[in-house]
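# Structural features, examined
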Amino acid sequence: MIFESDGTTTIVSQEKTTLSIFLKNLNDAYPKIKNDNIIINLFSFSKLKADDVLEFLQISDLHKKAKKSFVLVTDKVSYDEVPDAIIVVPTIQEARDVIEMEEIERDLDL
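Residues numbered from 1 in each chain as written. Predicted model: local features only at pLDDT ≥ 70, side-chain atom pairs only at ≥ 80, totals over all residues. Heavy atoms only, no water.

### A word on the environment of Lys16
- Inspection of the secondary structure assignment puts Lys16 in the loop between strand S2 (9–13) and helix H1 (19–33).
- Along the chain, Lys16 and Asp51 lie 35 residues apart, while their C-alpha atoms are 20 Å from each other. (Helix = DSSP H or I, 4+ residues; strand = E, 2+ residues; numbered from the N terminus.)

See the structure below:
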């Protein structure tokens, strides 16, 4: 796994692996990054479906309960194809923007 930390945000990616191995590695590494906002970079997965994205729902819910942002980045699945409970955006910059907006909302207690 590749971790890129930028202040309070960590971008997680991994090259040449299956989604199930990626999820296992993410769950194993989660205690190290649980206090950061997390961006999951899924660009290395060329064949990704909405059902695949839903595999991240449990860890996303756990992270959001801790008042942290969890954003998936892929251009293979649209945010329209997944429930509102999980955030999917097409670029890393949009993921950063979502985190910034969510941090403002948390600061304002919205």
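Let's pick the thread back up.
### Description of the pairing of strand S4 (residues 70–73)
- Because side chains alternate across S4, one face comprises the buried residues Phe70 and Leu72, and the other comprises Val71 and Val73, equally buried.
- Pairing of strand S3 (residues 37–41) with S4, which is carried by 4 bridges, proceeds in the parallel orientation. Paired with Ile39 across the strands is Val71, a residue of S4. (Buried < 20%, exposed > 50% of the residue type's maximum accessible area, 1.4 Å probe, protein only. Pairing = 2+ DSSP bridges.)

### Some remarks on the confidence of the model for the chain
- Averaged over every residue, the pLDDT of the chain is 92; the share at 70 or more is 99%.
- For the chain, helix H2 (residues 50–53) is the element with the lowest average pLDDT, namely 91, and S3 is the one with the highest, namely 97. (pLDDT = per-residue confidence, 0-100.)

### Things to note about the sheet that holds strand S1 (residues 2–6)
- Taken in spatial order, the 5 strands make up an open sheet running S1-S2-S3-S4-S5, and their pairing is mixed. Strands with a single pairing partner mark the edges of an open sheet, and in this sheet they are S1 and strand S5 (87–89). Taken pair by pair, the neighbouring strands of this sheet meet at an average axis angle of 25°, ignoring direction.
- Packed on one face of the sheet, H1 meets S1, S2, S3 and S4 and runs near 160° to S2.
- Each of S1, S2, S3, S4 and S5 touches helix H4 (residues 92–107); the most contacted strand, S3, lies at about 160° to it. (Axes fitted to C-alpha atoms, helices over the stretch in contact; angles between N-to-C directions. Contact = heavy atoms within 4.5 Å.)

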